[in-house]
Structure formats: structure tokens, C-alpha cells
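# Results of the structural survey
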Amino acid sequence: VDKHWLRSPAGQLSLLGATFLAALGLALAMATQRWFFERYIVEKYRALPAQLAALPPQLTGAEAAPLVTALPAADREALYEGWMQADDWPAGAPAALSRADPELYLRRVKQTLLCGSDEQRRRGVRFLTASGHPEAAGILRRTAERARARREEAFADFCIAAGNEPGGTPP
Amino acid sequence: MAVVNQLLGRLGVNPRVCRALVRALVLMDLRSPHYGRATGTRPGEVIAPLYWVIGQYLFISTIVTALLFARVDVWAFAFVGLALSMLLVVNAVVVEFNEVVLDLEDRDVLGPRPVSPRTYAAARFANLGFYVALLTLALNLFPAVVGAGLRDAGPWYLPAYALACVLGNLTAVALTVLVYSLAPPRPGRQDVRDVLAWTQIVLTLVVFYGGQLILRNASHAIEVFLSEPPAWFSWLPPAWLANFVAEAATRPGLHLLAWAAAAGVATGLVAFLALVRLARFYAEAQPGGPDEASAGAVVYRPRPFVGRLARWLTDSRADAASLALCLRLLRRDHDLRMRMLPPLTLAIAAAAMGLFSGQLGNPFTEDAALAVLSVAAVQLLVLAVPSLLHQMRFSRSHAAAWALEVAPVPSVRAYAEGARLAVCYAIALPVLVALGVVFAVVWRDPASAALHCGLGWIAVLAVSHASVPGVRLRIPFAREAARGEITGAIVPFLAAVATVALLLGVVELQACRSRSPVLLLAYALGLLIVLRAARWARGRAGRG
């Protein structure tokens, strides 16, 4: 490369143009590789603390809420993360948790629906429908709308179907 | 072309003169870093400083785009991209380009020539447009193109975003020019730059802290916040533009054309007002106007130029005189003080982020994860030292540097030493002390805070010695603050210092983590050896 030409206004403008062209190439590559970025959209959950290990089997329904209310906020959040990772909790556990601290658990499930992986979001929908909370239907409806806008038809259908299940909360 | 000429003529602008001026100004934009100063050319530099500035903005937008891509929704993505673009463009105008917009010296050159104020203002505005167009492209290329790949972005996203960023940046720049020219132009006046300069600090905090939140915060605070922004967000101009982009991307319709037309007219109106105001501003800037200092003259009791502090901190009379000069210019030169703020922002942002996120722990007693930002804040201050020294090379009154060139001092090394001491003792030390106070309060352990900051102080001194030759500081205040050069020219040296600062931070964290007094002592001794070596190497280089 002729350094004298490169130092000239034409050379400097060409250098800027080449940089912008390279940036355009990188931007196009990023725009077409969305799957790569979506791999990193996932929530990280801690394992259920040992002192809470005996609690899940007792969360059989909304009447078990006082067991959760007595816990500190960090432990209550740990229960949500524990539920998201386990399949053997009683079916009434989400209802017990939501009754005990609706603000925390609704905020937490909304966060999962926004920032979780596909699998985590489906579990979040399950939690929501099983919670029986009055606000669950609205959240489910907005989640389905967002999924349709994002062209995630399968997930939107899943939200609708989950809400229409027996005992669920229709969106 | 005839239509443009006719339009310019109706605006009171001479098209031929305007085009000639624009061509000259754009040429200066590109050439001044290499050829513009009468003091000589620097043929060794192939890359213009302006290129580095454009590269920095391109880099910032790439990082922010990568952080937000595929998250939340198209509105949030467009909002962040547009807000960042508008803020950074205003910031660039304030920090880099204000010397040119407010430069009164052009009137001395063009005054005797038949150039009407309106023509000159139009040329300046077009030149500003060229600079802003480069920055706009750098800041919006990634959000515009990558955003088109969002799940909820339709085919109209790209044109809508392109229109929104052009309208937003044009309006922001025009408003900045209007604010700048509010007060009558007088030399040495204090204007709104104090307020605007804080934009950069706030922005750095937002980008630095926000990026960390997205990557590290388990509660995904930024994404949750952007998914349900507070009601007052709807009053922000970037939110209006993001609404337009999101609407065009998801539900395009003819009603958006009316919105775009209205926004275009509003932008044109603001740009026209700025043009008119700029023309009047330059018309008022006639040489020989009243000096506000002479209006209310105050009689000061004369004091010795070199004070006790300068004598105490230095080894020779020449060093003391140089230090006194640097301290005086730091007090007097408003632009210099403003340029000193940006290098300090990262250290302040790291400390603020640590306070917010609970990671400003005591590295001597707590886990590394909880204390990482305590170490980072000090190391970022160390990293700021080369930039601060670099700023000491520039001054609005650079033409007066001949007085230093011909002054009867034994060696010009004294000038650089004075600038180094001013940066260390007048800027870095007060910030380090402030950090130490914060650490002492947060840790409730003043001894640990003093030790931590003491180690940082040794690193500051060592890096300051290495930076004098690194930033090629010979005679302070001898160079004009050319656009692009203020931030761009020392990037390679900064990268080297950043590596050293990172290494020092890791070693300090490991030494603290070990809880071993022997290792801590070894680290402190190592720093002292590095300081001694840096002083020795600089002394040799100076003699050479």
C-alpha cells in the first residue's frame, strides 16, 4: 500500500470506507446468526439449599403457604429456582408459593418468560398456570402475544394450550 | 444543483462561497491531524486520529448491539441504539468539535473577505454535518443492520431505523449548537460546557454498568426494566423514535408516513433555527468586543508564582516553575479541566457500580468476587494517568509555547516533570483519596483502605514515569487540540498500560486472597521496584 496515498484525504476516506464495509459484513453475519446469540439467553439457577430440601414434599397446595411465608426472601427465591429444576415436586407447589409471596413469584416467572431459554419458558408457563393466581391469565396472554410477534408460533400455541388445560388459567 | 443554489440563495447563503468553504473545512478535518499545524508534519502516522475516534464509536455500538441482540424486543433494541447514538453524537460535538464550532479565530482570517455570516455559518454547519454523518454511520450501522435480524423485526425495520437515527442525531446536534450559542461569544467565558461534559460521565456509567448487568446480573435487571419501562420514558425523544421504529417493524402502515413527515419538518425547523443562531453568533463574534473581565476588574494582591507546595514536591527550581505553571493552567483553562474528566470516568463508574452491586468489598478480607471492583477502580485510575498526561500536551493557547521553548532552563525535561507531578498530585491523588474515603466507609476498615490506595499510589507514580515518553510529552500545552487527536492518538500505548494494569490487579487480588503478609509485602516491594525501574529508564531516556 502506498503510504503517501493512504495519508491523503482520498486515502483516509478510502480507509474509513473499507472499515465501514468490513463492519457491514460483520453486522450481516451477526444478523443472520441469531441462533448463536439465542444460545446465551438462559437463566442460571442455583441448587436448592440443603436446609430447604425437606420442604418441597410439604407444598401440596395453597394451604401450605405459611411454610413459605416464614422463610427469608432469599430462601423463597431459592424455592422457585428449585421448582424450575425438579420434576418431582407436588402439583400444588406453585399455588403454595404464589399464595405465600405473589409479588416475588410473579416477578420471577415474568423474568423467566423474558430471559429464559425455550425449555425454561415452558416451565415458567407451567408454573404460572398451576399457580392459580388471578394475574396469571393476563401474563399468559401477553406472553402469547409476544411469542406471536416474535414468530414463535409453537410457543404461543403452548401458552394457549397450557391455559386451557383442566385447572389451568385460560389466557 | 440549481434548486439547491436557489434554496441557499433564499436563505441568504452564497452557494459558491459556501461550497468552497465546506470543501476547505472538510479537507482540514482529514488533513489537520497530519499537516494542519504550521509547526510541521508528522509523516510517520498513517492512520488519522479521526479514524481512531470513528473506530471507537464503531466498537461501542458493536458491543452494545451484541449485548442486546435477540433479547427483549424490537422497541428496546431500537431505543437503546438510538439513545446511545444521540448521546454519543452530542458528546462528540461537546468534547471534540467544540473547538471548531466556537472558534473565533476564523473571523480574523475571513473577516476582511466578502463572506457573509450566514454563508460562513452554513459552511460550518455543513462541515459539522460531515463529521456527524461519519459518527452517525459508525454508531448506527450495527443496530440498523443487526436489528433487522430480530425475531420481531419486519422488512420495514431497516429503513425506519435509518430515518429515525438521522432525524434524532440531526435534532440533537442542532439543539447542542443552539445551547452552545446561547450566551454572547466572549473570550474566556464560562458556558454550558460544564453541564454538558457530565453527559459523558453519565453515559459511561450507563454503558459500563448496564453492560455488566446484562452479562453478570442474575436478576436480568436491564432486560426486565426495558421490557416494562416506567411511564416517564415515553417523554424521552429516543422513545418517540423507538415507537416509530417498532411500529414500522411490526405493524407497518400509511399512518407512519405522516409521522415521518412531521418529524422531518420538526428536525428541519430545529436545524434551520440552529443555522440562523450560528450565523448571528458569528456575526456577534467581532474582534475587539468588550471583555467581561475588564468590566468588573478586581485588584488581586500579587503572590509568588511558585508556591510552597510546588517547591516542596520538586527537586529543582525549573521543575517547581513548571509544576506551578501546570497547576495554574489547570485552574485557569476551562477546556483543559473538561478534557481531564473523561479519563477519570471509568474509575468513578467502577466504584459506583461496586456500590450498587455490592462488589466493592475489602480485597484483604473478602472473596475476590466481592472485591473485584475495589481493585478495578484503583487500576482504572492507574490506567487514566497516560490519558491525563496526554491531555497536558494540548491547549487553546498553544501558540504561546514558544516562551517555554526559549526559556533558560537546563533541560526541557523539567517541563514534562512539572506536568507529571501536576497530574499525579493535583488530579490522581485527590481521586485516590476520595476512593480511599469511600473504601474506608464501606469496609469500616481505614487501615485496609489506606493500604489498598497506597499500593495504587505507587502504581500511579510508576505509570506516570513510563507515560511521559509513552505519550511523547516534551513541552506541555504546546499543541492545538485538533479534533480526533485528543482521544485517538495514544490508543496503542493505552492498550499496553491497560495490560499492565490488568496484570497488577490480578496479582493484587491473588496476593490479597492468599491472606499471606509475605505475599502482600512481595507485591508492594515489586511495585516499588517497578517504580524505581521506571524512574531509572526515564532518566536514561532523558539523558539520551
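See the structure shown above.
Described in the following lines is the structure provided in the data block. (Residues numbered from 1 in each chain as written. Chains lettered and ligands numbered in written order. Predicted model: local features only at pLDDT ≥ 70, side-chain atom pairs only at ≥ 80, totals over all residues. Heavy atoms only, no water.)

## Regarding the overall build of chain A
Looking only at helices and strands, one finds ten helices and zero strands in chain A. When the elements of chain A are put in sequence order from the N terminus, they spell out α-α-α-α-α-α-α-α-α-α. Relative to its full complement of 171 residues, chain A shows a buried share of 50%. Within chain A, counting contacts between residues at least 6 apart in sequence, those at least 24 apart form 68% of the total. (Helix = DSSP H or I, 4+ residues; strand = E, 2+ residues; numbered from the N terminus. Buried < 20%, exposed > 50% of the residue type's maximum accessible area, 1.4 Å probe, protein only. Contact = heavy atoms within 4.5 Å.)

## A few points about the environment of Val378(B)
All names here are of chain B. Within the fold, valine 378 resides in helix α16 (residues 368–391). Linking valine 378 and leucine 432, residues 54 residues apart in sequence, is a C-alpha distance of 7.4 Å. Discounting residues that sit within four places of it in the chain, valine 378 has contacts with Leu432, Phe439, His452 and Gly456.

## Comments concerning the packing of aromatic side chains
This model, assessed by the stated rule, comprises 17 aromatic pairs over all chains. Here the aromatic residues Trp35(A), Phe36(A), Phe37(A), Tyr40(A) and Phe69(B) are joined through ring pairs into a cluster of three or more. We note Arg123(A) situated over the ring of Trp83(A); from NZ or CZ to the ring centre the distance is 5.0 Å. (Phe/Tyr/Trp six-rings, centres within 6.5 Å; stacked < 30°, edge-to-face > 60°. Lys NZ or Arg CZ within 6 Å of the ring centre and 35° of its normal.)

## Here's the deal with the packing of helix α5 (residues 73–85) of chain A against helix α7 (residues 102–115) of chain A
All names here are of chain A. At a closest axis distance of 11 Å, the pairing of α5 and α7 adopts a crossing angle of 45°. Classed by the angle they form, the pair α5 and α7 counts as oblique. Crossing angle aside, the handedness with which α5 passes α7 is right-handed. Contact with α5, carried on its side by Ala73, Arg76, Glu77, Leu79, Tyr80, Glu81 and Met84, involves Leu104, Tyr105, Arg107, Arg108, Val109 and Thr112 of α7 and no other residues of that element. When the residues that make up the contact of α5 with α7 are grouped by side-chain class, the tally is seven nonpolar, one polar and five charged. (Axes fitted to C-alpha atoms, helices over the stretch in contact; angles between N-to-C directions. Parallel < 35°, antiparallel > 145°, perpendicular 65-115°, else oblique. Left-handed = near helix turned anticlockwise from the far one by under 90°. Nonpolar A, V, L, I, M, F, W, Y, C, P; charged D, E, K, R; others polar.)

## Quick word on the packing of α7(A) against helix α9 (residues 136–149) of chain A
Residues and elements named next belong to chain A. Following both chains from N to C, one finds α7 and α9 inclined at 10°, their axes separated by 11 Å at the closest point. As the angle between them shows, α7 and α9 are arranged roughly parallel. Here Leu106, Lys110, Leu113 and Leu114 of α7 lie close against α9, whose contacting residues are Ile139, Thr143 and Arg146. Of the residues in the contact of α7 with α9, the class split is four nonpolar, one polar and two charged.

## Some words on the side chain of Arg108(A)
Of note, Arg108(A) is situated in helix α7. Sequence-distant contacts of Arg108(A), defined by excluding residues within four places in its chain, comprise Glu43(A), Tyr45(A), Glu77(A), Tyr80(A) and Glu81(A).

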